[in-house]
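If you want the building blocks of each chain, they are given just below.
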Amino acid sequence: MELNQSKGVIFLAEFRNQGLAEINAELASVGLKIARQLGEELSAVLIGSGTTNSAQELISLGVDKVYLIDNPDFTRYRSEPYLAVMSQICQELQPNVLLLGHTEVGRDLGPRLAFRLNIGLVPNCIDLEMVSESGNVQMTRPVYGGKTIGIFTVENRPQMATVGPKRFEPAPKDHTRQGEIISFPYEIDETSFKKKIVDFSEGCVEGVKLEDAEIIVSGGRGIGCAEDFEKLKELAQILGGCIGGSRAAVDNEWLPSNLQVGITGKVVSPNLYIAIGISGSIQHMAGCSAAKTIIAINRDPEAQIFKMAHFGVVCDWRKILPPILEICKTLPR
Amino acid sequence: MLNIVVCVKQVYDPEAPASLFQISSDGKKAIPPQGTPPVLSPFDENALEAALRIKDIQEAKIIVLSMGYKLAKPILKKTLAVGADELILLEDKQFEELDSYGTAHILACAIQQIKNFDIILCGRQAADTDAGQVGSGIAEILQIPDITLARKVEVSSDKVQVERLMGDGYETVETAMPVLITASNEIGDLRYPSMRKSLAAQKMGVTSWDSTQLGLETVADNRVKLQKLYLPERNSNCQLINGENPEEMAAKLTDVLAGVVK
Ligand SMILES: Cc1cc2nc3c(=O)[nH]c(=O)nc-3n(C[C@H](O)[C@H](O)[C@H](O)COP(=O)(O)OP(=O)(O)OC[C@H]3O[C@@H](n4cnc5c(N)ncnc54)[C@H](O)[C@@H]3O)c2cc1C
Ligand SMILES: Nc1ncnc2c1ncn2[C@@H]1O[C@H](COP(=O)(O)O)[C@@H](O)[C@H]1O
């Protein structure tokens, strides 16, 4: 694509369970920042069924134009039709910057789309900033599991990135904002698709979703067994929070894999994250470092987690958890 | 017989302590702590295990591909020790600092030379790049379907069924072969080789292809340019809560809790 022809910032909005997923406000906020720095428009692509209200909501988040593909066949994310739509849109609109969330949709779709468009993609960005001299966007992301941070640029257009969840302040809503909703004609040719979803099971998570929880009690290998995880659940319950854990806890099958926190699990940003029997590996902390307060309980004073937590207790969790539970039960709620 | 290609990358042990990492003076290279051994990238071990489980129940040939420069053969021969049939190294000075775009093109080129392939397995992401791109890239170049984040793979006649992870559950996706699948750790840990097989593997020969043998006149330019690497700031103002006994520490800790939760 010609550099000078490419204009505008576009992001793929995520529509889930009849509404906008949280990542959209974050995509709108960083998208708007870059669009303003470039002096260009911010657009969103919205794919789904029954999306009109959500399109309006995107406008209130700062989007100038919403390209709407409203089709009853688009109730769930499927890579092949999304790939077809997105590559067609990029061909027609020739955006300067293309953003996706680093979510289950963006992780699956982004790389294949980048290769189809023959461009580079910088995944899981934690910062994006336009450089005024070059007009290139500087894309910052963790590498080596977060041991180092890299700043990258891409030469081709669109400049494509996936945006790490919970890294950008969500855009505020302004319902007086005006924008344009453009329906994008797209016919699905099912016969061209090679993959078929034959079954799906939405894991049953009761109560609040881990990503949305304000308080998380998280356990690691140091918990020792599935039964003992129950005690952590008790604390989570008393505090009105959710349970989560490290990959070690998941690999041992003490927890389902959708409760894993970390670079290959969920990214969370609760008010309070209590890490118990977790060593604080960089891959784990990548998922929880945005927590306002991190409290670590670990019996090893040398554990890495004490380099990153705000409060720490060096103690065997088996000894300290029972009195904590006792006291918490007496606290007014 | 099924032909399975597994792409395995050699990386520095990702469990090496983060605080000892350094950056080269030009800001372009991460230097792991001295003595950090090279290992197989963990999710690539899961990919290999997925291939071996298929071979456990049906006739299959497993070819392992690894691209890089000055690769550690004894480490990569672990793939032969656990049951892979052939190891092909793609080694060339030009392959040293490729991004996902370049890497996928080299691997796809090698796979095209292998010709017979039904299933290509990759890790969901390499432990150094954390990019998760090369797998889908290979699939796009070869114009075959890709299924990411597999936790289970089943093969029946000319089809595969893959359970793939989603945020809150999983879905089962079916497609005809050839297909590219990226493996997540939920697929299971790589089996241990026996001592006898480990010794035998060290004696097995490996094939090496450089860019000329791959028939490449030029190596694809990187699409992504690294400007600079730096070390993250660490907030190490951890306030330790002390006490004579667990009860006292618990009391102090719940005071902190009450302050945060209110
Ligand atoms: C590419 C890649 C991706 C990864 N992604 C993730 C990810 O998304 N999430 C993730 O969590 N990990 C991830 N990992 C794994 C990660 O590197 C660590 O191996 C893992 O986080 C360790 O889990 P842990 O802290 O529970 O276990 P350990 O590191 O074994 O730590 C256990 C801790 O418990 C303490 N302990 C033991 N007994 C007690 C006791 N009785 N009381 C108090 N403390 C006790 C010990 O002192 C120790 O510090 C990834 C790794 C790689 C290579
Ligand atoms: N140099 C390499 N040699 C062999 N396989 C690789 C190489 N680089 C990446 N891969 C494969 O592609 C996967 C994803 O890599 P990445 O896109 O860098 O996260 C890895 O898990 C490997 O299976």
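Residues numbered from 1 in each chain as written. Chains lettered and ligands numbered in written order. Predicted model: local features only at pLDDT ≥ 70, side-chain atom pairs only at ≥ 80, totals over all residues. Heavy atoms only, no water.

### Observations regarding the site of ligand 2
All names here are of chain B.
Phase 1: Near ligand 2 there are 18 residues, and of these Cys7, Asp44, Thr129, Gly132 and Gln133 occur at the shortest range.
Phase 2: Contacts to ligand 2 include cysteine 7, whose backbone N or O atom sits 2.7 Å from an oxygen atom.
Phase 3: In the model, an oxygen atom of ligand 2 is placed 2.7 Å from a nitrogen or oxygen of the glycine 132 main chain.
Phase 4: Against a free-state accessible area of 480 Å², the protein chains account for coverage of 98% of ligand 2.
Phase 5: Where the shell around ligand 2 is concerned, the elements lending two or more residues are β6 (60-68), α4 (100-114) and β8 (119-123).
Phase 6: No other element matches β6, which puts three residues into the shell around ligand 2.
Phase 7: Here the residues of the shell around ligand 2 sort into nine nonpolar, seven polar and two charged. (Near = heavy atom within 4 Å. Polar contact = N/O pair within 3.5 Å; in protein donor to acceptor, adjacent residues only side chain to side chain. Areas by Shrake-Rupley, 256 points an atom, 1.4 Å probe, with all protein chains shown as cover. Helix = DSSP H or I, 4+ residues; strand = E, 2+ residues; numbered from the N terminus. Nonpolar A, V, L, I, M, F, W, Y, C, P; charged D, E, K, R; others polar.)

### Focus: the sheet that holds strand β9 (residues 137-143) of chain A
Phase 1: If you walk across this open sheet you meet the four strands as β8(A)-β9(A)-β10(A)-β14(B), and the pairing is antiparallel. Both edges of this open sheet fall to β8 (127-130) of chain A together with β14 (224-230) of chain B, since each of them pairs with a single strand only. Each adjacent strand pair in this sheet contributes to an overall mean axis angle of 25 degrees, direction not counted.
Phase 2: When strand β10 (residues 148-154) of chain A meets β14(B), the two strands line up antiparallel, connected through six bridges. The residue of β14(B) that forms the bridge with Ile149(A) is Tyr230(B).
Phase 3: Contacts from helix α1 (residues 23-38) of chain A reach β8 and β9 of chain A within the one sheet, and its direction differs from that of β8(A) by about 10 degrees. (Pairing = 2+ DSSP bridges. Axes fitted to C-alpha atoms, helices over the stretch in contact; angles between N-to-C directions. Contact = heavy atoms within 4.5 Å.)

### Digging into the packing of aromatic side chains
Aromatic ring pairs are described here by two measures, namely the spacing of the ring centres and the angle between the planes.
Phase 1: Across all of its chains, the model carries five aromatic pairs over all chains by this definition.
Phase 2: Ring geometry for Phe74(A) against Tyr82(A): centres 5.8 Å apart, planes inclined by 85 degrees, an arrangement best described as edge-to-face. Residue Phe74(A) shares its accessibility class with Tyr82(A), and that shared class is buried.
Phase 3: When the centroid spacing of 5.3 Å and the interplanar angle of 55 degrees are considered together, the rings of Tyr144(A) and Phe21(B) count as tilted. With Tyr144(A) in the loop between β9 and β10 and Phe21(B) in the loop between β2 (10-12) and β3 (22-23), this pair bridges two chains.
Phase 4: Among the aromatic residues, those joined into a cluster by ring pairs are Phe74(A), Tyr77(A) and Tyr82(A).
Phase 5: For the cation-ring pair, Arg76(A) lies above Phe200(A), with the distance from its terminal atom to the ring centre recorded as 3.6 Å.
Phase 6: The ring centre of Phe43(B) lies 5.6 Å from the NZ or CZ of Arg124(B), which sits over that ring. (Phe/Tyr/Trp six-rings, centres within 6.5 Å; stacked < 30°, edge-to-face > 60°. Buried < 20%, exposed > 50% of the residue type's maximum accessible area, 1.4 Å probe, protein only. Lys NZ or Arg CZ within 6 Å of the ring centre and 35° of its normal.)

### Details of the interface of chain A and chain B
Phase 1: Opposite the 76 residues of chain A that make contact, chain B presents 79 residues.
Phase 2: Carbon and sulfur atoms supply 58% of the area buried between chain A and chain B, which totals about 6,900 Å² over both sides.
Phase 3: The largest per-residue losses of area from chain A upon contact with chain B belong to Phe115(A), Tyr144(A) and Lys147(A), which jointly make up 12% of the total buried on that side.
Phase 4: For the pair chain A and chain B, the number of links is five salt bridges.
Phase 5: Between Arg112(A) and Asp146(B) there is a salt bridge, with its nearest N and O atoms 2.8 Å apart.
Phase 6: Taken together, the connections running from chain A to chain B amount to 33 residue pairs in polar contact (both at pLDDT 80 or more). (Buried area = accessible area lost by both parts, 1.4 Å probe. Salt bridge = Lys/Arg side-chain N within 4 Å of Asp/Glu carboxyl O.)

### Examining the environment of Thr264(A)
Phase 1: With respect to the helices, strands and loops of the structure, Thr264(A) is situated in the loop between α6 (247-251) and β16 (272-276).
Phase 2: Judged by its relative accessible area of 14%, Thr264(A) is buried.
Phase 3: The spatial distance from the C-alpha of Thr264(A) to the C-alpha of Arg247(A) is 8.8 Å, given a sequence separation of 17 residues.
Phase 4: Once residues lying within four places of it in the same chain are set aside, the contact partners of Thr264(A) are Arg107(A), Phe43(B), Arg124(B) and Gln125(B).

### Quick notes on the domain arrangement of chain A
By a widespread convention, an interface's size corresponds to the accessible area lost as its parts come together.
All names here are of chain A.
Phase 1: Segmentation of chain A into domains returns domain 1 (3-192) and domain 2 (210-329).
Phase 2: The distance between the C-alpha centroids of domain 1 and domain 2 comes to 33 Å.
Phase 3: Across the contact, nine residues belong to domain 1 and 12 residues belong to domain 2.
Phase 4: Interface of domain 1 and domain 2: buried area, both sides summed, is about 790 Å²; carbon and sulfur atoms make up 48% of it.
Phase 5: When the buried surface of domain 1 facing domain 2 is broken down by residue, Arg107, Gly145 and Lys166 rank first, second and third, together holding 58% of it.
Phase 6: Run the count over domain 1 and domain 2 and you get zero salt bridges.
Phase 7: At the boundary of domain 1 with domain 2, the tally comes to one residue pair in polar contact (both at pLDDT 80 or more).
Phase 8: When its residues are assigned to classes, the side of domain 1 that touches domain 2 shows two nonpolar, two polar and five charged. (Domains from an automatic or database assignment.)

### Some points on the pairing of strand β9 (residues 146-156) of chain B
Residues and elements named next belong to chain B.
Phase 1: In this sheet, strand β12 (residues 179-183) lies alongside β9 in parallel orientation, the contact comprising three bridges. What sits directly across from alanine 150, in β12, is alanine 183.
Phase 2: Here six bridges tie β9 to strand β10 (residues 159-166), and the two strands are oriented antiparallel to one another. Pairing of valine 153 across the sheet is with valine 162, part of β10.

### Details of the nonpolar core
Residues and elements named next belong to chain A.
Phase 1: Formed by 56 residues in total, the largest nonpolar core has its most connected members in Leu232, Leu235, Tyr273, Ile276 and Ile324.
Phase 2: With residues near it in sequence (within four places) discarded, isoleucine 276 still touches Val217, Ser218, Gly219, Gly220, Ile223, Leu232, Leu235, Ile297 and Trp317.
Phase 3: Counting residues in hydrophobic clusters, the runner-up holds 44 residues, among them Ala25, Leu42, Val97 and Cys125. (Core = buried A, V, L, I, M, F, W, Y, C linked by side-chain atoms within 4.5 Å.)

### Here we look at the pattern of salt bridges
Oppositely charged side chains are able to pair whenever their charged atoms sit close together.
Phase 1: Using the criterion set out here, one finds 34 salt bridges over all chains in the structure.
Phase 2: Ionic pairing is found between Glu326(A) and Lys329(A), a salt bridge with its closest N-O pair at 3.9 Å. Here Glu326(A) pairs with Lys329(A), and both are found in helix α8 (residues 317-330), just three residues apart, close to one helical turn.
Phase 3: A salt bridge links Glu45(B) to Lys78(B); its shortest N-O distance comes to 2.9 Å. Highlighted residues: Glu45(B) in helix α1 (residues 42-57) and Lys78(B) in helix α3 (residues 78-81), separated in sequence by 33 residues.
Phase 4: For Glu45(B), a relative accessible area of 19% corresponds to the buried category.
Phase 5: The exposure class assigned to Lys78(B) is partly exposed, which follows from its relative accessible area of 30%.

### Considerations on the site of ligand 1
Phase 1: In the vicinity of ligand 1 lie 29 residues, with Arg221(A), Ser246(A), Val261(A), Ser279(A) and Asn298(A) positioned nearest.
Phase 2: More than a single chain frames ligand 1: its nearby residues are located in chains A and B.
Phase 3: The separation between an oxygen atom of ligand 1 and a polar main-chain atom of Ile263(A) is 3.1 Å.
Phase 4: With respect to ligand 1, the backbone of Trp317(A) contributes an N or O atom lying 3.0 Å from a nitrogen atom.
Phase 5: Coverage of ligand 1 by the protein amounts to 89% of the 980 Å² it exposes when considered alone.

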